[in-house]
Amino acid sequence: PGYAGTEPDSILFDQGDFGPDFGPFSGLKGLFKIEDNHVFSQNFFMNAKYAYFGWGYGFDPRGGIESSGGVDTTTDTAYGSSLQYRSLRPWHVVDVSGSYFKEGMGGNHELRFGFGYRANPVHSSTRYAGNGSVAFKYGDGPGESTAILYRDRVAYFKGTNTDFYLGDTFTKGRMTWNAGLRYDIQRASNEASAASAQRLIPDIFPAVTVDPSNLQGLEWKNISPRVALTYALDEARKTVVRASYAQYAGQMNS
C-alpha cells in the first residue's frame, strides 16, 4: 500500500476476484451473452442481444482486518494491518436493431432502426483494519504521535444509458442519400447505502445513511442528426463525391 519504505507481509495486499453480492444475479461472476437473429421476410430482419457482465475486484490485507496499522516515521517502517476494499459491478447491456428494405421513389430504401440500454451499477466499500485508525509515530517524546481515524467508506451508485436511432439509406442511380436521427438519454444517481459508525469515536463519526429519494440525480438528453450524400460522377463509378454532416453525444461515466 505504500505506507512506508519497509512494510511487513501483514500489511501487504492480496488482490481478490469478487462477484456481485446484490441484484438479480447475486453471486454470478463472468460474462454471459444471448443473441437472436430473426428473418421475418426477405425484406425485414432483426437482431437482439443481451449481455450480463458480473465482475468485481478488491484488496485484502494479508494480516486480516482485526488489528490496526501504523507507521514509525523515524525508521520508515510500517506495522500491523491495512485496509480492505471492494468494488462490485453487475452490468447489463441490451441491444436491438433491425433493417427493412423497400423499393420506392424510383430507388431502394434501407430503413434501419435500433434501441440500446446499458446499466452500470457500482457498489464500492473501504474498511480500515482494527478500530479504523492509522497511527503515525514521529519520535519518542510526548505529543510526537498522531492517529488518523476513518469511518467505513461506502459508495453505491448507478449509471444508465438509453438510446434510440432511426435512419434511411436511399439509393437511386448514381446517388445515395443517408439520413438518420439518434436520441440518447443518460442518467446517473446514488443508491441507498449505509456506513457504520467509527469504532473508536462513534459519537463524533456516527453511522450515516444515504436516502436516494432525497437526492437529485443527473440526466442528459441529446438528439444527434446525421446526413450524408454520395454521388458517382460517371457510370463506371471511378470518381465519387461525398459529403456528410453529423453530431455525436459522448457517453459519460457515471
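Residues numbered from 1 in each chain as written. Predicted model: local features only at pLDDT ≥ 70, side-chain atom pairs only at ≥ 80, totals over all residues. Heavy atoms only, no water.

Draft legend 1. View of a nonpolar patch on the surface. There is a patch of nonpolar side chains on the surface, built from F25, L28 and F32 and spanning about 240 Å² of accessible area. Assignment of secondary structure puts F32 in strand β2 (residues 30-41). (Patch = residues over 30% accessible without salt bridge, like charges linked within 9 Å, V, L, I, M, F, W, Y side chains within 5 Å. Areas by Shrake-Rupley, 256 points an atom, 1.4 Å probe, with all protein chains shown as cover. Salt bridge = Lys/Arg side-chain N within 4 Å of Asp/Glu carboxyl O. Helix = DSSP H or I, 4+ residues; strand = E, 2+ residues; numbered from the N terminus.)

Draft legend 2. Main features of the pairing of strand β5 (residues 77-80). Both strand β4 (residues 69-72) and β5 contribute to a ladder of 4 bridges, which runs antiparallel. Bridging across to β5, G69 finds its partner in G80. From the end of β4 to the start of β5, which pair antiparallel, there are 4 residues, and D76 there has a positive phi angle of about 55 degrees. (Pairing = 2+ DSSP bridges.)

Draft legend 3. Seen up close, the side chain of S224. As for its position among the elements, S224 is in strand β14 (residues 218-232). Residue contacts for S224: discarding those within four places in its chain leaves G180, L181, R182, Q247, Y248 and A249. (Contact = heavy atoms within 4.5 Å.)

Draft legend 4. View of unusual backbone geometry. The backbone of M105 shows a phi angle near 60 degrees, a positive value even though the residue is not glycine. Inspection of the secondary structure assignment puts M105 in the loop between β6 (83-104) and β7 (107-128). Phi is positive for R237, which is not a glycine, with a value near 55 degrees. Within the secondary structure, R237 is located in the loop between β14 and β15 (240-246).

Draft legend 5. Region of the structure containing the layout of surface pockets. Computed from the structure, the largest pocket encloses a volume of approximately 250 Å³. Forming the boundary of the largest pocket are 18 residues, of which N120, G159, M252, N253 and S254 lie nearest the centre. Listed by contribution, the elements that provide at least two residues to the lining of the largest pocket are β6, β7, β10 (153-172), β11 (175-190) and β14. In terms of residue count, β10 provides more of the lining of the largest pocket than any other element does, 4 residues in total. When the residues that make up the lining of the largest pocket are grouped by side-chain class, the tally is 7 nonpolar, 8 polar and 3 charged. By volume, the second largest pocket amounts to about 190 Å³. Within the residue set of the lining of the second largest pocket, elements represented by two or more residues are β10 and β11. The leading source of residues in the lining of the second largest pocket is β11, at 5 residues. (1 Å grid on protein atoms, 1.4 Å probe; cavity = no way out; pocket = protein on both sides within 12 Å on 5 of 7 lines; lining within 4 Å. Points joined across faces, edges and corners; volume = space filled by probe spheres on them. Nonpolar A, V, L, I, M, F, W, Y, C, P; charged D, E, K, R; others polar.)

Draft legend 6. The packing of aromatic side chains, seen in detail. Applying the stated criterion across every chain yields a total of 14 aromatic pairs. Geometry around F205 places R151 over its ring, the cationic atom sitting 5.0 Å from the centre. (Phe/Tyr/Trp six-rings, centres within 6.5 Å; stacked < 30°, edge-to-face > 60°. Lys NZ or Arg CZ within 6 Å of the ring centre and 35° of its normal.)

Draft legend 7. Representation of the sheet that holds strand β8 (residues 133-137) in the model. Strand order in the open sheet formed by 4 strands is β5-β4-β8-β9, and the pairing between neighbours is mixed. A strand with exactly one partner marks an edge of an open sheet, and here the two such strands are β5 and β9 (145-149). Going across the sheet, the axis of each strand differs from the next one's by a mean of 20 degrees, ignoring polarity. Inspection of the sheet shows β8 paired to β9 by 5 bridges, in the antiparallel sense. (Axes fitted to C-alpha atoms, helices over the stretch in contact; angles between N-to-C directions.)

Draft legend 8. Layout of the environment of L111. Among the structural elements, L111 can be located in strand β7. Taking C-alpha positions, L111 is 17 Å from M175, a pair spaced 64 residues apart along the chain. Once residues within four sequence positions are removed from consideration, L111 is found in contact with G98, S99, Y100, L166, G167 and D168.

Draft legend 9. Examining the pattern of salt bridges more closely. For the structure on display, the rule yields 12 salt bridges. Linking D17 and K29 is a salt bridge whose minimum nitrogen-to-oxygen distance equals 3.5 Å. In this pair, D17 is assigned in strand β1 (residues 13-17) and K29 in the loop between β1 and β2, connecting sequence segments 12 residues apart. Residue D17 is classed as exposed on the basis of its relative accessible area of 58%. Its salt-bridge partner being D184, residue R182 comes within 2.8 Å of it at the nearest N-O pair. Of the residues examined, R182 reaches a relative accessible area of 22% and is grouped as partly exposed. Each of D9, D14 and R62 takes part in a single network of salt bridges with overlapping partners. (Buried < 20%, exposed > 50% of the residue type's maximum accessible area, 1.4 Å probe, protein only.)

Draft legend 10. Spatial organisation of empty space enclosed by the protein. On inspection of all chains with the given rule, the structure shows 1 cavity of 30 Å³ or more. There is about 40 Å³ of room inside the largest cavity. A class-by-class count of the residues in the lining of the largest cavity yields 4 nonpolar, 5 polar and no charged.

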